[in-house]
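Fold and contact review
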Amino acid sequence: MTTPQTDLEKRKQISVRGIAQVENVANVKKTFNRHLHYTLVKDRNVATPRDYYFTLAHTVRDHLTSRWIRTQQHYYEKDPKRVYYLSLEYYMGRSLTNTMINLGIQSACDEALYQLGLDIEELESLEEDAGLGNGGLGRLAACFLDSMATLGMAAYGYGIRYEYGIFAQKIKNGEQVEEPDDWLRYGNPWEKARPEYMIPVNFYGRVEDTPQGKKWVDTQIVFAMPYDNPIPGYKNNVVNTMRLWSAKSPNNFNLKFFNDGDYIQAVLDRNFAENISRVLYPNDNFFEGKELRLKQEYFMVAATLQDIIRRFKASKFGSKDQVRTSFDTFPDKVALQLNDTHPSLAIPELMRILIDIEGLTWARAWDICVKTCAYTNHTVLPEALERWPVSMLEHILPRHLQIIYEINHLHLQEVARRWPGDNDRLGRMSLVEEHGEKRINMAHLCIVGAHAVNGVAAIHSEIIKRNIFHDFAEMTPDKFQNKTNGITPRRWLLLCNPALADVIAEKIGEDWVVHLDQLAKLKSFVNDSGLIRAVQTAKQENKLRLAKQLEQEYGIKINPSSMFDIQVKRIHEYKRQLLNCLHIITLYNRIKANPSGKFVPRTVMIGGKAAPGYHTAKQIIRLICSVARVVNNDPIVGDKLKVIYLENYRVTLAEQIIPAADLSQQVSTAGTEASGTGNMKFMLNGALTIGTLDGANIEMMEEMGRENIFIFGMTVDEVEELKRKGYNAYEFYNKLPELRQCIDQIQSGFFSPNNPDQYKDLINILMNHDRFFLFADFESYIQCQDSVNKLYQKPTEWTKKALLNIASSGKFSSDRTIAEYGREIWGVEPSWEKLPAPHEPRETEASEEK
């Protein structure tokens, strides 16, 4: 077993980060001292560690600024097609280390701080996560921004600057408690407010018919204030922009109050308008039709489209001073990608601008709209699909409702033309759902209003064509595509796992950082004992570091040579954390039944947040904590089995946990997880996967070979067959003694002696209405876990499979995903060319000198 390296050893080692140049180090020290003095107004006697973090952040930001301005000037001059990614979530995590790595200044900063007597890792740990997302969808948006910058695309991420991001999770007495995430409390050194681009957004009001057409009048105005955040590409001098909108009340807000003389109340009421960007809705894969959420969606879309059109009109084309007046070229210059249906109001809003304000005909406006917009679907769970009540839209966005009705009218005419007399089909394909409260189906709006619709893994893209959007796929089959998700190798290997990154770089060089498919070169070294040992050593170092961290935080002594078995993701019934829990109980029962038996020691870690209103998910957390309490305090079990609930799982915690994982659990019911991206992160970091044939697990298996992944459970078709036949949980309960014992223990209060009925709701779901068929996969899962144990006892074989996982993960780079979006949806080519660095002459100057 190796011990973590000392500071000195770290410094001696030449790694992917390169050697710090003396002049760069001197430069960083000078800039650092200047910022401490002039920006933070402190000296070394009174500065706190947080002051030093902010000083370092400003020092690093200085290296971004010229590149950022240069990049935007470059786009203005070249006038390329611009890509606009619209998302209500961006789960960014921390920015400091990522920025240093992408700018290639990490070693210089490290050395400079060392010479100043500061510990860079301590400062990095003071940065707040930007938690502006719930889970996969928001983190995907963050990876995509990194890839778009690295591939030199003129891309912009647009979203909302939530004052409070995803709640901080505390586990108290085994229960989740939510605390507000006041991430801006100390300020955000990365953002730049742009009040000069403030934009008005309208709500409420009514629609008037005028000789010039429809007018939306008597509206209430809220201003959108943009905050720009730099998105650096990897060592290519490109810095793109993520622009997040914050709600500001207009100065004439609520004139009635001012006129009534209630000045104080009028000022206090400004908060109502500004609440729009106050807090992120903490629901993952669940639609809650709240008025504030609809306002957030429209606020983001309305501000963004005005900004896009302003930029489109101001851009050059050929001549220097002309401004665009015609929208004919709009789809050639603008691509809009809708990240799920949350920004779907972009479609009626773009129509409203083109028709009501710019005076285009409906036909011309619709043609532009469809050619510009594309939609990504992220889920097939019915409870996740957005269906807004017509009454709410009528009240808040009356003009948009009219436009949606007209879109629907023309769409259904087309359907009727293709399938005369098929009224059932008209009902199924309408944007308006008539049964019960009248609602607008936002996914249908997106499909009709976009030129491309994609799922996020091959199986998911097939399911949407076969099931939920079958009628639409029949009508416009060419619209439907697949774009399998990916992750950025910069954050998810280079940043979070430098030990493994160095091992890889030593073997195959450093090109894999931007061309991840080059990891395939490792396949020829799969029997290289030196490489196997190096991979094992890197994993062991990561496990030791994590074990130490967990012991400090949870007071649980972890056996670092035990198998680290990890399931981290949002808590949801479909993700089946309960199946994992049943396996833990089964292991516990086996150890208790045979205390002197030989068991492969395991440390099972489960982490993730439950939506605050999701009672079942919160009960699942409680149960896992109850089981952990029993297991961890049983002297007979000892260090053969430990269970830890990881509190407050977030991007930064993922960066610490994933590199230390041996086993990754991806156990959703086949056909429910659209893709998954955590699965890819574990694979890239040399963990083996136990999983179902769901989402991207299938493509991972295809890349690495079935012998290098632990697959169990029903396939999508078998799940469908079981649904048709009818699922009876009692059948499995009566047939499988180990399952029966687990359920009986939970039911009898074995894990909750103070409240034996604690988990009766969970048991009732499992026995009587389990939509996700846990028991049907239990036997296969347990057998599969047994073969995991067998392999873990052969470290060399295990590591070879881990190495083949790493070597097969090239496909799952978000660079590959974004290149496909670019070529097949946006009409934008990726480029691996560097822009000139700030100290080099710009292209125009260079060509003039020639």
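The sections below set out a description of the structure shown in this document. Keep in mind that this is a model prediction, so the values were computed, not measured.

**Re the packing of aromatic side chains**
On inspection of all chains with the given rule, the structure shows 22 aromatic pairs. Taken together, a centroid distance of 5.9 Å and an interplanar angle of 45 degrees make the contact between tyrosine 84 and tyrosine 158 tilted. Taken as a pair, tyrosine 84 in strand β1 (residues 82-86) and tyrosine 158 in strand β4 (residues 155-160) lie far apart in primary sequence, 74 residues in all. Across the pair, tyrosine 158 and tyrosine 84 agree in class, each one buried. Look at phenylalanine 327 and phenylalanine 330: their rings are 5.7 Å apart centre to centre, the planes differ by 50 degrees, and that puts the pair in the tilted class. The burial state of phenylalanine 327 is the same as that of phenylalanine 330; both residues are buried. Each residue in the set Tyr84, Tyr156, Tyr158 and Trp245 is aromatic and connected to the rest through ring pairs, giving one cluster.

**Overview of helix α13 (residues 346-357)**
Along its 12 residues, α13 runs 15 Å from first to last C-alpha, staying within 8% of the 16 Å computed at 1.5 Å per residue. Of all 12 residues in α13, 10 are buried, a share of seventy percent or more. Taken as a whole, α13 has its buried residues at Ala346, Ile347, Pro348, Glu349, Leu350, Met351, Arg352, Ile353, Leu354 and Asp356. Positioned one or two residues after α13, glycine 359 has a phi angle of 75 degrees, which is positive.

**So, the pairing of strand β23 (residues 663-666)**
Both faces of β23 are covered, namely the face carrying Leu663 and Gln665 and the face carrying Ser664 and Gln666. Strand direction decides the pairing type here: β23 and strand β24 (residues 688-691), joined by four bridges, are parallel. Following the sheet pairing, serine 664 is matched in β24 by threonine 689. Where the polypeptide runs from β23 across helix α27 (residues 678-684) and back to β24, its parallel neighbour, the crossover connection is right-handed.

**Details of helix α4 (residues 96-103)**
The buried fraction of α4 is high, at eight of eight residues. Among all positions of α4, only Leu96, Thr97, Asn98, Thr99, Met100, Ile101, Asn102 and Leu103 are buried. Taken together, the buried residues of α4 touch α3 (49-78), α5 (106-115), α6 (120-124), α7 (136-150), β11 (220-232) and α21 (489-495). Following α4 by one or two positions, glycine 104 has its phi on the positive side, about 70 degrees.

**Focus on the nonpolar core**
Counting residues in hydrophobic clusters, the biggest one holds 247 residues, and the most contacted among them are Met148, Phe299, Trp512, Phe775 and Trp826. Among the elements that line this core, the one with the most residues is helix α11 (residues 291-314), at 11 residues. Residues in contact with methionine 148, not counting those within four places in the same chain, are Val83, Tyr85, Met153, Ala155, Asn240, Ile818 and Trp826. Counting residues in each nonpolar core, the second largest holds 28 residues, with Phe32, Phe54, Ala57 and Ala108 among its members.

**Side note on the sheet that holds strand β21 (residues 602-607)**
Reading across from one edge, β22-β21-β20-β23-β24-β25 is the order of the six strands in this open sheet, with parallel pairing throughout. The sheet is open, and its two edges are formed by β22 (641-646) and β25 (710-711), each paired on a single side. Relative to β22, β21 runs parallel, the two sharing six bridges. When the bridges of β22 are listed, threonine 603 appears paired with lysine 642. Relative to the sheet, helix α24 (residues 577-593) contacts β20 (563-568), β21, β22 and β23, its axis offset from that of β21 by approximately 155 degrees.

**What about the side chain of asparagine 697?**
Counting through the fold element by element, asparagine 697 comes out in helix α28 (residues 697-704). When its relative accessible area of 3% is taken as the criterion, asparagine 697 is described as buried. In terms of polar contacts, asparagine 697 uses its side chain to reach the side chain of asparagine 679, at 3.1 Å. At 3.0 Å, the side chain of asparagine 697 and the backbone oxygen of threonine 692 are in polar contact.

**Comments concerning unusual backbone geometry**
At asparagine 237, a position not held by glycine, the phi torsion is positive, near 65 degrees. With respect to the helices and strands, the residue asparagine 237 is situated in the loop between β11 and β12 (239-248). For asparagine 237, a relative accessible area of 12% translates into the label buried. A positive phi angle is found at aspartate 340, which is not glycine, with a value near 70 degrees. Inspection of the secondary structure assignment puts aspartate 340 in the loop between β13 (334-339) and α13. For aspartate 340, a relative accessible area of 9% gives the class buried.

Conventions we followed
Residues numbered from 1 in each chain as written. Predicted model: local features only at pLDDT ≥ 70, side-chain atom pairs only at ≥ 80, totals over all residues. Heavy atoms only, no water. Phe/Tyr/Trp six-rings, centres within 6.5 Å; stacked < 30°, edge-to-face > 60°. Helix = DSSP H or I, 4+ residues; strand = E, 2+ residues; numbered from the N terminus. Buried < 20%, exposed > 50% of the residue type's maximum accessible area, 1.4 Å probe, protein only. Expected span 1.5 Å × (residues − 1). Pairing = 2+ DSSP bridges. Right-handed = clockwise from strand over helix to strand, strands pointing away. Contact = heavy atoms within 4.5 Å. Core = buried A, V, L, I, M, F, W, Y, C linked by side-chain atoms within 4.5 Å. Axes fitted to C-alpha atoms, helices over the stretch in contact; angles between N-to-C directions. Polar contact = N/O pair within 3.5 Å; in protein donor to acceptor, adjacent residues only side chain to side chain.

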